[in-house]
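Spelled out, the chains give:
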Amino acid sequence: MTAKDIRQKYLDFFRSQDHKVIASASLIPENDPTVLFTTAGMHPLVPYLLGQAHPAGRRLASVQKCIRTGDIEEVGDLTHLTFFEMLGNWSLGDYFKQEAIAWSHEFLTGADWLGLPKDKLAITVFAGDADAPFDQESYDAWLKLGFLPDRIAKLGKADNWWGPAGQTGPCGPDTEMFYWTGEGEAPIEFKPSDKRWVEIWNDVFMAYNKEADGRFTELKQKNVDTGMGLERVATVLSGQSDLYQTDLFAPLIKELETMSQKLYQDNLKNFRIIADHIKAATFIMGDDKGIAPANTDQGYIVRRLIRRAIRCGRQVGINLESWTAKLAQTVIDEFGQTYPELEHNAKFILQNLHEEEMKFAKTLERGERELIALSSSQGISGANAFDLYQTYGFPPEMIKEIAAEKKLKISLETFDEDFKTALDQHQNLSRTAAVGKFKGGLADNGEATAKLHTATHLLLAALRQVLGEHVLQKGSNITAERLRLDFSHPDKLMPEQLKQVEALVNEAINQALPVACSVMKLEDAKSIGAMGVFESKYDQEVKVYTVGQANLPFSREICGGPHITNTKELGHFKIIKEEASSAGVRRIKAILN
Ligand code: SER
């Protein structure tokens, strides 16, 4: 079964259970300032899990693009991936544990579906604690499906509780399904600590909300959120242990063998890192938001991924020009049919990879000069190597390599320790900053955010009036204090233009225009001229927000919300910054007083 077959079967199965299939949301969360990337299928659905009506209904299924950056340093083994695809189905206050478990079981074992042998499956359920009781209902449901008590483990919050995705928000006990990947028959007794049992699916029963004070309160709406990693399932079904040998990665590995003239089997770690990183970077840059390598936020992650891949490439002896772009082309060829945005943005992806390769080469040259200078003055230490790493992205392993090659003066005995001390210090600082950034949680649909959200629509409409119709939204990010809009436009805005834009927005506010929401088919939304990222591939219903008269609106956009209901609530709009975001993309930050 190819990855494509698995995606198709999954969506077909849930369609046959009355689910609406929704398209993967962007990898860059819309209006969620708390995280850089979409980390799970439920992530774009948080407002709906909290009770907002979803235009497609109460039973949803999707294949969601996800990025997790927490374990980038671990990539290279057989379990950590930066980019992955998550199959998921949701009940927004519709069905609950019985149906979710029965369907998971049928999809995994049914002859028409994945057809996995039941005797290789095992289960975990939530054991219960002070916050929530033992999940008896799930336990009984699995027993009824024929699982013996020996194959159902009861575990605590660390294992069988999922969420919230931020500091606060929807969460709940889960039940997880494991598959035996060891040789021969599976042991009768399931020991979750035995790594040959691999988790393949997670059904979360989101019946709780974690509050800011740490309490778990029951949600009015009882939801189901399930997640099955496509890469895991593809590996299990292929009967091999190495996910890089499944069709989700094999073409990349093959290409790398050709480029390096070396075998994967002799270079496992480097090949895996390169394949993972270039695939992830390709998907992020290919996501309609115009994210290019940069020194902050998502762009920084892209830069880090590309540069690490280039370093690993050097280690396996790849020295072709623009080779990362060539590899990205393979990613686009393999995944472009499923994710057409990759094809639309192919030029942008390849160009940025080409440029980043050249920039990194320059960085390395400059770093090398600095190293030679250091060597003839104080000598190279772990501490000043860290400065080089920070300033130029010059990696410590390469510093050691070059020092050896050029016979430079370096304190090798203390190098690693000094470097680590400097790094830890730096990470503590940035972790503190990251925690600050995370506060507020995903569930923050507050008044201030809604206002800034509506103001963002007004701003985009005003920019199009002043600058022209080529202006499209490339990204948006809202905190409690300000909005930030990235949009396509080649040049810096003149002060006069900024004034005009501000004036137009304030005029729309002063006219007290109504903000109306209607739900319609994507095709209809397009035909009435609604702006938005048309990444949906399925016949899908969307929300359209109209500001002003229905026949001649000031702004009309496809958007999930939330918004306020009349522009008069916005106060006074002020642009506080205009700057470049990436090539051909400008960024405006603005506030409401
Ligand atoms: N949110 C859960 C997960 O990511 C289930 O979808 O595993």
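Residues numbered from 1 in each chain as written. Predicted model: local features only at pLDDT ≥ 70, side-chain atom pairs only at ≥ 80, totals over all residues. Heavy atoms only, no water.

So, about the packing of helix α1 (residues 3-16) against helix α6 (residues 230-238). At a minimum axis separation of 10 Å, α1 and α6 run at an interaxial angle of 115°. Between α1 and α6, the interaxial angle falls into the category roughly perpendicular. Viewed along their axes, α1 and α6 form a crossing whose handedness is right-handed. Residue-level contacts link A3, I6 and R7 of α1 to L230, V233, A234 and L237 of α6. For the contact of α1 with α6, a count of residues per class yields six nonpolar, no polar and one charged. (Axes fitted to C-alpha atoms, helices over the stretch in contact; angles between N-to-C directions. Helix = DSSP H or I, 4+ residues; strand = E, 2+ residues; numbered from the N terminus. Parallel < 35°, antiparallel > 145°, perpendicular 65-115°, else oblique. Left-handed = near helix turned anticlockwise from the far one by under 90°. Contact = heavy atoms within 4.5 Å. Nonpolar A, V, L, I, M, F, W, Y, C, P; charged D, E, K, R; others polar.)

Below, the discussion takes up the pairing of strand β14 (residues 553-558). Among the six residues in β14, five count as buried, and that is most of the element. The sheet contact formed by strand β13 (residues 541-548) and β14 spans five bridges and is antiparallel. In the strand pairing of β14, V544 is matched with I558. If you look at the hairpin formed by β13 and β14, you'll find four residues sitting between the two strands. (Buried < 20%, exposed > 50% of the residue type's maximum accessible area, 1.4 Å probe, protein only. Pairing = 2+ DSSP bridges.)

Okay, the confidence of the model for the protein chain next. Interpretation of the predicted coordinates at a detailed level should be avoided for regions scoring low in pLDDT. For the protein chain, mean pLDDT is 90; residues scoring 70 or higher make up 95% of the total. Per-residue pLDDT stays below 50 along residues 432-445; that stretch engages in 31 contacts with residues further than four places along the chain or on separate chains. (pLDDT = per-residue confidence, 0-100.)

Turning to the sheet that holds strand β10 (residues 473-478), a few remarks are in order. With antiparallel pairing, four strands are arranged side by side in an open sheet as β10-β11-β16-β15. Two strands bound the open sheet, and with one partner strand each, they are β10 and β15 (573-582). Neighbouring strand axes in the sheet, compared pairwise and without regard to direction, differ in orientation by 20° on average. One ladder, built from six bridges, connects strand β11 (residues 483-488) with strand β16 (residues 585-592); its direction is antiparallel.

Further remarks concern the pairing of β13. Across the eight residues that make up β13, a large majority, seven, are buried. Two elements, strand β12 (residues 515-521) and β13, share seven bridges in a ladder whose sense is antiparallel. Across the sheet, residue K521 finds its bridge partner in β13, namely E541.

Position of E341 relative to the elements: it lies in helix α11 (residues 341-344). E341 gets classed as buried once you look at its relative accessible area, which sits at 6%. Side chain to side chain, E341 and K65 meet in a polar contact 2.5 Å long. (Polar contact = N/O pair within 3.5 Å; in protein donor to acceptor, adjacent residues only side chain to side chain.)

Attention now goes to the environment of D174. Tracing the backbone shows D174 in strand β7 (residues 169-180). Look at D174 and you get buried, because its relative accessible area is 0%. Each C-alpha atom of the pair D174 and T226 lies 8.9 Å from the other, and the pair is 52 residues apart in sequence.

A surface patch of like charges, here negative, comprises D5, D247, D333, E334 and E343. Mapping D333 onto the fold places it in helix α10 (residues 323-335). (Patch = residues over 30% accessible without salt bridge, like charges linked within 9 Å, V, L, I, M, F, W, Y side chains within 5 Å. Areas by Shrake-Rupley, 256 points an atom, 1.4 Å probe, with all protein chains shown as cover. Salt bridge = Lys/Arg side-chain N within 4 Å of Asp/Glu carboxyl O. Lys, Arg positive; Asp, Glu negative; His and termini not counted. Charge placed at Lys NZ, Arg CZ, Asp CG, Glu CD.)

Turning to a positive patch on the surface, a few remarks are in order. Together, K359, K362, R366 and R369 make up a positively charged patch on the protein surface. Mapped onto the elements of the fold, K362 is located in helix α12 (residues 346-376). For K362, a relative accessible area of 55% gives the class exposed.

The first and last C-alpha atoms of α1 sit 20 Å apart over 14 residues, in line with the 20 Å expected at 1.5 Å per residue. Phi turns positive one or two residues past the end of α1, at D18, with a value near 65°. (Expected span 1.5 Å × (residues − 1).)

This paragraph deals with the pattern of salt bridges. Under the counting rule described, the total for this entry stands at 26 salt bridges. Put simply, D94 and R59 hold a salt bridge, and the shortest N to O gap is 2.4 Å. Here D94, found in the loop between β3 (83-91) and α3 (97-109), pairs with R59, found in strand β2 (residues 59-67); they are 35 residues apart in sequence, far enough to count as distant. You can call D94 partly exposed: its relative accessible area is 34%. Linking E356 and R307 is a salt bridge whose minimum nitrogen-to-oxygen distance equals 2.8 Å. Of this pair, E356 sits in helix α12 while R307 sits in helix α9 (residues 297-315); the two residues are 49 residues apart in sequence, bridging distant segments of the chain. Overall, E356 belongs to the buried group, its relative accessible area being 1%. Linked through salt bridges whose partners overlap, the residues forming this network are K65, D287 and E341.

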